[in-house]
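Examination of the molecular architecture
Each chain is listed here by its residues.
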Amino acid sequence: MIQMAVLGFGTVGGGVVEVIDRNQDVIRKTVPQGIYVKYILDLRDFPGNPYNDRVTHDYQDILDDGEIEVICETMGGREPAYTFTRKALERGISVCTSNKELVAAHGPELLEIAKAHNCSYLFEASVGGGIPLIRPINACLTQEDITAVFGILNGTTNYILTRMEKSGLSFENALREAQEKGYAERNPAADVEGHDACRKIAILSSLISGKTVRYEDIPCEGISRVTTVDFGYARSINRAIKLLGVSRKLENGKLSVRTAPFLVREDHPLHSVQDVFNGVFVHGNMVDDLMFYGRGAGKFPTASAVVSDVMECARNIGRNIGCNWSGEILSIADPKEESYRYFVRVGKEEEREAGELLHADFMVHYEGAPADERAFVTAVMTEREYEEAVKSLSSVKQCIRLLQD
Ligand SMILES: NC(=O)c1ccc[n+]([C@@H]2O[C@H](COP(=O)([O-])OP(=O)(O)OC[C@H]3O[C@@H](n4cnc5c(N)ncnc54)[C@H](OP(=O)(O)O)[C@@H]3O)[C@@H](O)[C@H]2O)c1
């Protein structure tokens with residue numbers, strides 16, 4: 001049997017152990033020797049849990065065992081996840097992870113270490129939860145020049161936006177509901193401020209470029225300023241507001257990358273991606289558009305993706321599963337040169353001036369819009385032009401980009 005260990009017996013780690021147990025017969029069709037979780041590392045004990053006898057609190061037990069061939073790192077965070085991963089790879093033990101924070105920060109370095117020690121560092125679950133996305137990009141689309149990847153990468157914010165859109169909940173109430181359902185963490189900043197989606201689009205951008213796109217370089221806006229009024233206007237122009245990670249190759253070869261709320265037309269497939277689901281578009285120069293859809297988080301969907309990586313490692317013991325992602329930093333396109341049409345809300349008193357400065361294309365109305373403001377969609381303009389124009393306006397209440405049609 002392939003012996004493995006799970007680091008962190010939380011939502012995902014617990015799911016990994018259960019998936020391996022419950023689907024052992026299915027797993028053996030691909031990995032005939034079977035897979036056995038020998039150790040579970042956690043800070044706590046789990047009295048009454050059937051797996052409690054496998055729990056250890058000392059990572060050294062796992063490293064020194066000699067039989068462990070694969071480790072799942074499902075602890076999350078930078079440390080000690082980074083040190084533990086490094087030590088495992090240096091001993092030739094493959095590591096599979098759902099930890100996007102670590103992958104975004106240290107991916108290429110850990111991939112290099114894995115390569116040098118004939119083992120693998122796999123991270124399917126770090127983007128899109130249960131959706132197979134990274135392996136398709138790395139294995140099925142290597143013949144393609146992938147020119148764009150974009151989509152809904154964070155289930156928590158998509159749930160909040162869906163509740164605001166469908167039930168008219170305020171952002172605060174939708175967030176509270178997401179927390180009560182266990183979709184949002186008590187400190188929701190990483191999700192609602194867009195950082196989680198930003199890390200994921202950084203990982204995807206790195207994979208399609210083969211270099212490192214630093215998430216710190218990516219302009220990142222969250223959804224905490226989106227209101228039910230915005231949804232009222234959005235509905236009247238047949239659009240919904242979605243938090244997207246967007247990465248596109250420009251004609252000059254540069255990659256333009258951004259995380260922000262966008263107005264998405266109702267005939268766009270991403271419009272119908274609701275609740276905690278994720279939807280990701282990949283555009284290849286030959287295959288054209290591909291769309292990946294499914295549960296972007298949750299115990300079993302995420303664990304399923306981690307286990308798919310474990311099986312891949314089990315089939316490649318002693319070999320490195322390559323990944324085209326080098327540590328060379330990619331300088332992304334100047335975000336100020338990106339062009340969009342913008343949905344803008346301004347105070348009624350600045351209607352005329354704002355309309356002229358921002359090249360208003362058409363006004364947006366809806367029953368129930370605040371009487372003291374006006375809303376319109378601008379002509380296409382660059383971020384730089386937009387920022388220059390709004391400098392002389394004092395009543396801009398909202399600005400949301402339209403997803404290019
Ligand atoms: N949950 C999802 O749906 C999902 C989806 C995709 C990706 N992810 C990613 O997967 C990772 C794990 O997420 P999760 O939701 O499973 O988190 P979680 O439920 O908080 O589980 C983490 C577990 O690791 C344990 N742990 C933390 N530090 C440890 C240490 N130093 N040594 C040993 N154990 C330690 C925690 O113990 P304590 O509870 O005692 O602190 C907890 O049991 C994160 O990177 C997350 O972003 C999660």
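A few points on the structure. Every value quoted in this text rests on a predicted model; they were computed, and no experiment measured them.

Attention now goes to the sheet that holds strand β7 (residues 146-152). Across a sheet, strands are paired by hydrogen bonds formed along the backbone, either parallel or antiparallel in direction. Judged by pairing direction, the sheet is mixed, and its nine strands sit side by side in the order β11-β10-β7-β8-β9-β17-β13-β15-β14 without closing on themselves. Each edge of the open sheet is held by one strand with a lone partner, namely β11 (288-295) and β14 (360-364). Ignoring strand direction, the axes of neighbouring strands in this sheet form an average angle of 30°. Note: β7 against strand β10 (residues 277-284), six bridges, orientation antiparallel. Residue pairing for β10: I146 is matched across the bridge by G284. Helix-sheet contacts for helix α7 (residues 155-167) involve β7, β8 (239-249) and β10, and the interaxial angle to β8 is about 150°.

Residues I71 and Y121 are the most contacted members of the largest nonpolar core, which totals 82 residues. Ranked by residue count, the leading element in this core is helix α10 (residues 195-209), at eight residues. Discounting chain neighbours no more than four positions away, the residues touching Y121 are T85, L89, V95, T97, L102, V103, G107, L110, L111 and A114. In this structure, F9, F46, C72 and A303 belong to the second largest nonpolar core, which totals 31 residues.

A separate point is the site of the ligand. By nearness alone, 20 residues border the ligand, and V12, D42, R44, S98 and G298 come closest of all. Within the complex, the protein chains bury 71% of what would otherwise be the 890 Å² of accessible surface of the ligand. Broken down by class, the residue content of the shell around the ligand amounts to eight nonpolar, nine polar and three charged.

Now for the sheet that holds strand β4 (residues 68-73). Taken together, six strands build an open sheet; the order of strands is β3-β2-β1-β4-β5-β6 and the sheet is parallel. The open sheet has two free edges, formed respectively by β3 (55-56) and β6 (121-122), since each of these has just one partner strand. Sheet analysis places strand β1 (residues 2-7) next to strand β2 (residues 35-41), joined by six bridges and oriented parallel. Paired with A5 across the two strands is Y39, which belongs to β2. Contacts from helix α4 (residues 81-90) reach β1, β2, β4, β5 (94-97) and β6, with the element oriented near 145° to β5.

In the structure shown here, the tally under the stated rule is 13 aromatic pairs. Arranged with centres 6.4 Å apart and planes meeting at 85°, the rings of F9 and Y51 form a pair that is edge-to-face. With F9 in the loop between β1 and α1 (11-22) and Y51 in the loop between β2 and β3, the pair connects residues that are 42 residues apart, well separated along the chain. Both residues of the pair, F9 and Y51, count as buried. Their ring planes at 75° and their centres at 5.8 Å tell us that F123 and W325 sit as a pair that is edge-to-face.

What counts as what
- Residues numbered from 1 in each chain as written.
- Predicted model: local features only at pLDDT ≥ 70, side-chain atom pairs only at ≥ 80, totals over all residues.
- Heavy atoms only, no water.
- Pairing = 2+ DSSP bridges.
- Helix = DSSP H or I, 4+ residues; strand = E, 2+ residues; numbered from the N terminus.
- Axes fitted to C-alpha atoms, helices over the stretch in contact; angles between N-to-C directions.
- Contact = heavy atoms within 4.5 Å.
- Core = buried A, V, L, I, M, F, W, Y, C linked by side-chain atoms within 4.5 Å.
- Buried < 20%, exposed > 50% of the residue type's maximum accessible area, 1.4 Å probe, protein only.
- Near = heavy atom within 4 Å.
- Areas by Shrake-Rupley, 256 points an atom, 1.4 Å probe, with all protein chains shown as cover.
- Nonpolar A, V, L, I, M, F, W, Y, C, P; charged D, E, K, R; others polar.
- Phe/Tyr/Trp six-rings, centres within 6.5 Å; stacked < 30°, edge-to-face > 60°.

Take it as geometry only, folks, not as evidence of what the structure does.
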